[in-house]
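Spelled out from the first residue to the last, the chains are:
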Amino acid sequence: MPDAFSRVIAFLAVVTALLFAGLHFHQGHIIATLYFMTGAVLVTAVTSMNVRRGLI
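Remember, it's a predicted structure, so these values are computed and weren't measured experimentally.

Some points on the packing of aromatic side chains
Summed over the entire model, instances satisfying the criterion amount to two aromatic pairs. The interplanar angle of 75° and the centroid separation of 5.2 Å between the aromatic rings of tyrosine 35 and phenylalanine 36 together place this pair among those described as edge-to-face. The exposure class assigned to tyrosine 35 is exposed, which follows from its relative accessible area of 60%. Put simply, the rings of Phe20, Tyr35 and Phe36 touch in pairs and so form one group of aromatic residues.

Laid out in structure tokens, this is it:
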């Protein structure tokens, strides 16, 4: 998988998780909001570590 494509997929995953978190926050679902926010943070951290190691 090309480097740029992997970064785009990771970016879209974070954006999607944050959009879902915002949607659930607006609806008042705190557990779902925390779930998606945690997912966004974890995807960002894993992507950052992979970029530093040169994997992406």
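Continuing now.
Regarding the packing of helix α1 (residues 3-27) against helix α2 (residues 30-53)
The geometry of α1 relative to α2 is characterised by a closest axis approach of 8 Å and an angle of 165° between their N-to-C directions. As judged from the angle between their axes, α1 and α2 are roughly antiparallel. Crossing geometry of α1 relative to α2 is assigned as left-handed. Taken together, the residues of α2 that come into contact with α1 (itself represented by Arg7, Ala10, Ala13, Val14, Ala17, Leu18, Phe20, Ala21, His24 and Phe25) are Ala32, Thr33, Phe36, Met37, Ala40, Val43, Thr44, Thr47 and Val51.

Some points on α2
Over its 24 residues, α2 runs 35 Å from end to end, which matches the ideal 34 Å to within 8%, given 1.5 Å per residue. All buried positions along α2 are accounted for by Thr33, Ala40 and Thr47. On its buried face, α2 sits against α1. Directly after α2, the chain includes glycine 54, whose backbone phi takes a positive value near 85°.

What counts and what doesn't
- Residues numbered from 1 in each chain as written.
- Predicted model: local features only at pLDDT ≥ 70, side-chain atom pairs only at ≥ 80, totals over all residues.
- Heavy atoms only, no water.
- Phe/Tyr/Trp six-rings, centres within 6.5 Å; stacked < 30°, edge-to-face > 60°.
- Buried < 20%, exposed > 50% of the residue type's maximum accessible area, 1.4 Å probe, protein only.
- Axes fitted to C-alpha atoms, helices over the stretch in contact; angles between N-to-C directions.
- Helix = DSSP H or I, 4+ residues; strand = E, 2+ residues; numbered from the N terminus.
- Parallel < 35°, antiparallel > 145°, perpendicular 65-115°, else oblique.
- Left-handed = near helix turned anticlockwise from the far one by under 90°.
- Contact = heavy atoms within 4.5 Å.
- Expected span 1.5 Å × (residues − 1).

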